Amino acid sequence: MAELNLDKLQAAKDATVGEHSELVEYMRVVLNGEMFLLPVASVLSVIRPLSLTPVPMAPDHLLGVTNARGQIFCIVDPGKTLRLSHKLQAETSASRFLLLRHARVHLGIWVEEVLDLLRILPTDIEKTKEKTYIQGTLQTKYGPLPILRVEALFE
């Protein structure tokens with residue numbers, strides 16, 4: 001009978017944990033008819049759309065404010081904020097608000113759909129400087145997908 005080598009077993013376990021600890025999660029979403037990846041770490045919560053209260057004389061990208069989790073969040077149209085070519089799609093059962101993480105601002109964006117989560121290695125991201133709101137692209141089975149630089153929504 002073969003003897004169990006605990007040192008080799010632990011080394012294999014450590015190698016596996018090390019490999020997966022480098023993975024970063026991104027959610028694949030549809031914004032204004034275009035597919036993007038967003039870092040999951042930038043998203044506080046994904047919720048179904050709530051009623052929006054219009055804000056008089058607000059900029060046109062501000063859709064309104066809503067009370068989510070006892071906090072008032074400004075919900076914006078990311079297409080207008082980022083100057084995307086497509087317009088915001090009508091609300092469907094797949095529409096969601098993404099409440100974003102920020103130290104001082106409670107901001108959410110309207111997305112037409114949250115499709116799935118991808119775990120990727122940061123080294124798989126191709127850096128790009130084409131647009132200020134894109135931090136890079138990732139080659140996926142869906143084709144190349146741009147990764148949204150979430151900080152651009154706060155600028």
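This text goes with the structure placed above it.
Residues numbered from 1 in each chain as written. Predicted model: local features only at pLDDT ≥ 70, side-chain atom pairs only at ≥ 80, totals over all residues. Heavy atoms only, no water.

With respect to the overall build of the protein
For the protein, the helix and strand inventory stands at 2 helices and 11 strands. If you list the helices and strands of the protein from N to C, you get α-β-β-β-β-β-α-β-β-β-β-β-β. Taken across its 155 residues, the protein has 37% of its residues classed as buried. The contacts in the protein between residues at least 6 apart in sequence include a share of 56% that link residues at least 24 apart. Element-wise, carbon and sulfur atoms account for 54% of the exposed surface of the protein, whose accessible area totals about 9800 Å². (Helix = DSSP H or I, 4+ residues; strand = E, 2+ residues; numbered from the N terminus. Buried < 20%, exposed > 50% of the residue type's maximum accessible area, 1.4 Å probe, protein only. Contact = heavy atoms within 4.5 Å. Areas by Shrake-Rupley, 256 points an atom, 1.4 Å probe, with all protein chains shown as cover.)

Focus on unusual backbone geometry
Negative phi values dominate among residues other than glycine, just as trans dominates among peptide bonds. Phi at Asn32 takes a positive value of approximately 50°, unusual for a residue other than glycine. On the secondary structure map, Asn32 appears in the loop between strand 1 (24–31) and strand 2 (34–39). Since its relative accessible area comes to 0%, Asn32 is described here as buried.

Overview of the pairing of strand 1
Across the 8 residues that make up strand 1, a large majority, 6, are buried. Sheet topology places strand 1 next to strand 8 (residues 113–120); 7 bridges connect them, and they run antiparallel. Within strand 8, the residue paired with Val29 across the bridge is Val114. Note that strand 1 and strand 2 share 6 bridges and pair antiparallel. (Pairing = 2+ DSSP bridges.)

Concerning the sheet that holds strand 6 (residues 96–100)
An order of 3-6-7-5-4 is seen for the 5 strands of this open sheet, with the pairing classed as mixed. With one partner strand each, in any of the chains shown, strand 3 (43–47) and strand 4 (62–68) form the two edges of the open sheet. Averaged over all neighbouring strand pairs, the angle between strand axes comes to 30°, with direction disregarded. Two elements, strand 4 and strand 5 (residues 71–76), share 6 bridges in a ladder whose sense is antiparallel. Residue Val65 lies in a different strand from strand 5, and its bridge partner there is Cys74. (Axes fitted to C-alpha atoms, helices over the stretch in contact; angles between N-to-C directions.)

Focus: the environment of Val29
Mapped onto the elements of the fold, Val29 is located in strand 1. Separated by 82 residues in sequence, Val29 and Val111 have C-alpha atoms that sit 6.9 Å apart. Not counting chain neighbours up to four residues away, the residues in contact with Val29 comprise Glu34, Met35, Phe36, Leu38, Leu98, Val111, Glu113 and Val114.

Structural notes on the pattern of salt bridges
When charged atoms on two side chains of opposite charge get close, those side chains can pair. Under the definition given, this model contains 3 salt bridges. The partner of Asp116 in a salt bridge is Arg28, with the nearest N and O atoms 2.9 Å apart. With Asp116 in strand 8 and Arg28 in strand 1, this pair connects stretches of sequence that are 88 residues apart. For Asp116, a relative accessible area of 22% translates into the label partly exposed. The shortest N-O distance in the salt bridge between Arg149 and Glu155 comes to 3.1 Å. When its relative accessible area of 68% is taken as the criterion, Glu155 is described as exposed. (Salt bridge = Lys/Arg side-chain N within 4 Å of Asp/Glu carboxyl O.)

Considerations on the packing of aromatic side chains
Counted under the stated rule, the structure contains 1 aromatic pair. Pairing Phe97 with Trp110 gives two aromatic rings, centres 5.7 Å apart and planes at 55°, and the pair type is tilted. Within this pair, whereas Phe97 is found in strand 6, its partner Trp110 is found in strand 7 (residues 107–111), the two being separated by 13 residues in sequence. A relative accessible area of 0% places Phe97 in the buried class. If you follow Arg28 out to its NZ or CZ, it ends over the ring of Tyr142, 3.6 Å from the centre. (Phe/Tyr/Trp six-rings, centres within 6.5 Å; stacked < 30°, edge-to-face > 60°. Lys NZ or Arg CZ within 6 Å of the ring centre and 35° of its normal.)

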